[in-house]
Amino acid sequence: MALTKSRRAREKDVPDQESVYKDPNMPLYKLLDETELTKLSKIFNRKHERRMDKEELRKVLYKVGYIEYDQDKFDDIFKKMNTSCNGYATWNEFISFLIIGFQLQEVSTEYKTLEDPIPLQPTMIRSHHRQPINRITFYPTVKPDRSTTWQSGSIMTCSNDGIINYWSLDMKLERTVQSTCPLLKVQPTWVTDMVVLPDVSIICTSSTERDLRFYDISARKFELRVMVTSLPFAVTTMNYTFSRRITDPSRLLLGDMAGNVKIISFTTEARGPFRGQPGIPLLSVRYESVVRNVIPNFKLLEIPRLHCDTVRQMAYYGTLRGAISCAECPKAVVISDVADGTTIYTYKIEMGAWSFALDEGARILATGGPDCLVRVWNPFVPRRPICTFYGHHTGIVQMVFQDNGKRLYSLSKDKCIKVWDIGLQAIVQSYIDWPYNLSEKGTLQALYNPLNRQWIIGSAMIAVLPLSPEQSPEHTDGDTHTAGISVVLYNRLFKVIITCGWDSYILVWNPFDGRRLIVIKNAHTVKIHGKVYPIEIICATFDPDYQRLLTSAHDGTLKIWNFNTGNCLRNMKIGPWLSITSLIWVKNRMMISGWNRTITEFADLRDIPQTGGSESKDWSRRHQEDISASVVRVPETVVTSSYAGELIFWSLETGQPYKQFDVSYPTERIKLQYQLTKTKEKTKDQIQREKRKSATLAAIKEKQKKPGLGVQKFRLQDGSSAKGLNLVVRDIYFSWMIPGPPTQLSKASSTKREKSVEQIVDQEYLHARRLGVFSMLFLKTRRNEPEIGTLLVGLGNGHIQVWNHHAAGGFITSFNAVYKFGDYVISMTTDINNEFLFTEEEPICMPEYRLRFPFMWGDRFVGRAARAVRGQAKPVLLSSIRGHLMPVSNLAYIDECEIILSASTDYSARMWTLGGRYLQTLGTFKPWKNIKPEGVIPKDFEFGIPPEIKRVASSTSLRVLSGGTLPKPLTEKQKQRRAQKESLSVDESKIYGMALTDPILGNHYRVAERTTKPRFIDLDTSFPYIPVYQHLITPQPVDIEKSNIIK
C-alpha cells in the first residue's frame, strides 16, 4: 500500500516516460495546445487568488506541457509575463502573454507610414481665369506607338467664359487661348465642359449654345476645325477614350441636361474626320446631319432618357467596354454598352450621385452624392454596396482612388476632404485646412496626377495638394517618426527598441527583422479650449527589471506604460508646464528632475494602477538654475547638474547632498549650507554679508561691461542644435573614444592637485560666467576610489570632465570631444562593460582596435576630427562619422550585436556597427536586411551610406562608411563605358522619332556644293503627317518699332 502511494506521488509530479519533451527554444505560445491550456486554467483556478509564483509555474509547465526551461531563460519569460511586477503570475497575465505572442507574430513587415495621408498644406496658384474653373484635364503627348505617360504633356484648365490655360506639369502658365462661338456677335459664350482628344490633337468644348466645337491644337495652333450645332440639349459633361491600336475606333462620351447619353465613334487614322481639307477651313454641320452620318467616319449612338436629370460625370470602363454615367436621380449610376447602348449594370440610390471614382485594377467603384454618404461597390454586384462611409456634412463632388484601391479620397462642397481605408473600412483623416480664397460659390473641379501623387483642385484659384507623397530612395532612406526623435532605448529583456519623439508617439521595434510591433499615438496630450493637442515627449527610461516604461513630456506630466500592450498604468505630474529633463528609476523609487530645480521622488506603487502623484516628495532645493541632467550609481550616489554649471552629489539613501562644485572652477569645492525652513529675523552679520555680496556682484558686472569680457550663457532650448557621438555633438558626428588605464588618467592631474589644495568657498563669490552641463554618464563598472574617474560630465564648450563621486574624490581631468567651435556633447553612452570609454588596468591592444575601426587606418591627409585630438594623449579617438543631417538627440547600444543606435531631430533613428558602418534606418520603406540576434555583424553584410549623408559628408566620414577605402576614380575607358550605358537608356517621352545623329548642328556651316543638277530632297513619309511643327515654338508677331531718324 505504501509503495502504491509513493508511486502515485511520483507520477503526480513527474510526466510519463513515454511523453515527448518539447523544444524549449520555441516560443511558449507555440508549445501549448488547447487541452494543455484547459488543464492550466483549472490549476490556476485552484490556486489562491488564481496566481502562482515563479517556481510553481515552472513545475506546472513541466508537468502539464512537458516544457523544461533553464533557469535564466525562464526568469526572462516570467518577467515578461508578470506585468504587475509583484512576483506572481495570474491566469490573466499568463494568457495575455500568449495572446501577445500570437499578435506580434502576425505583425507584417510591410512598410506603413506614420504620417497622415495629407501631411502638408496645399500650394495655392493663381488661376488666371476671370470665372471659376469648370474643368481640369491632362493633355498627354502621344508617342508613335500611341502610348502616353504622365511624364510628358500639359495640364489644361477651362472656365465658363471659354478661357483655356495651358500649364506645365509643375503648374507654370504657358499660354492662354479662348473658345468662342463664331455665330454670336454680341453675347459672350458660356462653356459647360472641355475634353482633350490627344491622339488627333483636338480640343472639344461644349456650351449652352447647344453646340460642340472641335479645335485643332497641333503645332501650337488653336483653330476651329469642326463645329456641330443645334443639339437637342446642351452637353454638360464629356469624356474621351482611345486605343493603342489605330484600327480601333475612338469614342467621345457625352451627357446632356436631359439625362441623355451620346457616344460618338470615329477612326483616328490620318486624324480621321479632323483631317484638314483644301478649301474647307471650317466644317460646320447640324446635329441632324451627324445622326444621318453625313460626316465620314463619324458614327453616333444615342441612349435617350438614361437618367431623369442632368448627367454630371462620364467615364469609360475598359473591362466591361461600357460607359459609366451618374446623375441626381434614383438611377444614380448606369454602365451602358458602348457598342449597342444596352444597360449592363444599374446602381440605384434614392437621392442620386454627383460623382464617382473607378479603379479598374482593383475592380472597385465608389459613389458620392447629395446624401453625404460614400458608397463602395463591387462593379459586378450592383444590388448593394460593399460598405457605406458616414461623416460628410455636405454633398460629395469629387472622388479619387489611390494605391490600387486601398485608399479613397472624397471632397465635399464645404471643402472637406476625408480619407478612407477601404480594407479596414474606417476613416483615416479629415482635412479642412483650406485657405478661404480657394472657392466661395463656384464648383470644385479636380485632377489627380498619379506620377507625383498630387490632387489638383480648381475653382477661383488652383490648389495643389499632395496625397500620401512618396519618398525618393535616391534622397533618403525614410523616416522613423513624423517629428524629431528625443529618445531611443534598447530593452534587453524583450530585445526590442523603443523610440519616443516630439510627435508624442511611442514606437516599439524589432531591430532584427525591422517590424514595427506597437504604435502608441498621442501618448501625452493637453486639452486647450476643448481641442486635444499632442505634447512632446522629452525623456524616457525603463524600470530596473526592464518590464515597464516611464515617459515624461514638456508639460511636466509623467506616464508609466506597459509597452507590450500600449496600456498606460499610471499618471503623474510635477507641476504645470515644468519640463522634465531627466528620469531615474531605481528599485521602488523614481526620481524626476527638470525645470522645477529640484528632485521629485515618486514611490513605485506596483499594485496600484492609475494613481495620481500624491505619493511623492521633493528633495531640498539646491540648484539656482534649471536642472539639465541627472545620473545615478546604485546604491551610492545621485548627481545632478544645471545649465549654469552647478554639479551636486546626493546620497541615494538619504536624499541629502554631500558635495557641490561649479564646473567652471572644478577644483574649488562649494560650501554646503543647511538652513531651517522657519523664517527668522536677519542678524547684523547676515545684513553685512548681503551687502558684501551685492558689492562683489556689482564689481563683477562692471568688469563684464568692458570690451572682450561679455557674458556668454549656454542653455539647451527646444530646437537648439547640438552634436553627437558615443558622445553626441552638434553636427551629428559620432565618436568612439578609449582612454588609458585609470592610473594614467589621474597622473595628468595629480601634480596640479598637489600644487593647489582644494578650497571650500561660498557659492556667492564665484565668477558669474559659468559653463552649462548638458550630459552626464556614470561608468558603473569602475571602482569607487578617489583617483579613478567614474563620472563623465559634458560641458557647453565641448570638453568632457572626468570626476569621481567618492566623498574624498572630485575633479580628475578633462579632454576635448569636439573639433568645431560652438559644438558640445548632449548625449553619451557606453557598453555594459564600459570598454569603449575607459578600460580597466590592463594594457590596451592598439593593433586590435586599428583592425576594427577604419577611422584609425592611414589616410592621405589628417581630417578635422583627428587634428582636434592630435595633442591629446588620452582618451584615444577610435572613430568619428557624420550620421545625420540634424542634431543627434540620443544614443543606445546593443551589446549582443555590437550595434549603436542613434536618434536625431531629422525624424530618423539609425543603426551602426561599432566600426562605424551604416546598417539601416528604423521604419525605412526599403527592403529590410535581417540581422541575427546574437553575434557581430558579418563582413559580407550589405552595408550602405545614407543618401543624404553621401552628399554632404567629409572624406573621413565617407572613408569610414565605405569600410576604410574611398571609391577609386574611374579611368577614361570606364567613364566611356558608363556614358555609353547611360546613352542607351533614353527617355522616349522627351523626343519624337529617331535620335539625333552627328553632326547635331547639321551642315549649316558648310559651303554648299556647286552643281547644275537639281537637289533631291528626301522627305520622311513614314508618318501620317509631318510632326516637325509640334517642336517649333513660333513667337507671336509684334509690331516693329520705328526709330526717329534725324535728317
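Please read all numbers here as calculations on a predicted model, not as lab measurements.

Across all of its chains, the model carries 30 salt bridges by this definition. One network of salt bridges, with partners in common, ties together Asp216, Lys221, Glu223, Arg225 and Arg271.

A surface patch of positive charge is lined by Lys39, Lys42, Arg46, Lys47 and Lys63. Tallying contributions element by element places helix 3 (residues 34-46) first for the positive patch, with 3 residues.

Another point: the packing of aromatic side chains. Per the stated rule, a full pass over the model turns up 32 aromatic pairs. For the ring pair phenylalanine 138 and tryptophan 150, a centre distance of 4.1 Å and an interplane angle of 10° mean the geometry is stacked. Of this pair, phenylalanine 138 sits in strand 4 (residues 133-140) while tryptophan 150 sits in the loop between strand 4 and strand 5 (153-159), and the two are 12 residues apart along the sequence. Taking the relative accessible area as the measure of exposure, tryptophan 150 reaches 22% and is therefore partly exposed. Arranged with centres 4.6 Å apart and planes meeting at 10°, the rings of phenylalanine 389 and tryptophan 420 form a pair that is stacked. Here phenylalanine 389, found in strand 24 (residues 387-389), pairs with tryptophan 420, found in strand 27 (residues 417-421); they are 31 residues apart in sequence, far enough to count as distant. Accessibility expressed as a relative area gives 4% for phenylalanine 389, which makes it buried. A cation over an aromatic ring shows up here: arginine 51 above the ring of tyrosine 88, its NZ or CZ 4.0 Å from the ring centre. Above the face of the phenylalanine 649 ring, lysine 659 is positioned so that its terminal group lies 4.5 Å from the ring centre.

Summarizing the sequence annotation, UniProt attributes the feature "domain: EF-hand" (unreviewed entry) to residues 69-104 in the numbering used throughout. Taken end to end, residues 69-104 has its terminal C-alpha atoms 22 Å apart, with 69% of it in helix and 6% in strand.

Another aspect to go through is the sheet that holds strand 19 (residues 331-337). In space, the 4 strands of this open sheet follow the order 17-18-19-20, with antiparallel pairing throughout. Looking at strand neighbours, the two that pair on one side only are strand 17 (311-317) and strand 20 (343-348), the edges of this open sheet. Each neighbouring strand pair of the sheet contributes to a mean axis angle of 15°, computed without reference to strand direction.

Cut-offs and rules
Residues numbered from 1 in each chain as written. Predicted model: local features only at pLDDT ≥ 70, side-chain atom pairs only at ≥ 80, totals over all residues. Heavy atoms only, no water. Salt bridge = Lys/Arg side-chain N within 4 Å of Asp/Glu carboxyl O. Patch = residues over 30% accessible without salt bridge, like charges linked within 9 Å, V, L, I, M, F, W, Y side chains within 5 Å. Areas by Shrake-Rupley, 256 points an atom, 1.4 Å probe, with all protein chains shown as cover. Lys, Arg positive; Asp, Glu negative; His and termini not counted. Charge placed at Lys NZ, Arg CZ, Asp CG, Glu CD. Helix = DSSP H or I, 4+ residues; strand = E, 2+ residues; numbered from the N terminus. Phe/Tyr/Trp six-rings, centres within 6.5 Å; stacked < 30°, edge-to-face > 60°. Buried < 20%, exposed > 50% of the residue type's maximum accessible area, 1.4 Å probe, protein only. Lys NZ or Arg CZ within 6 Å of the ring centre and 35° of its normal. UniProt positions renumbered as here; feature names shortened; annotations may be inferred. Pairing = 2+ DSSP bridges. Axes fitted to C-alpha atoms, helices over the stretch in contact; angles between N-to-C directions.

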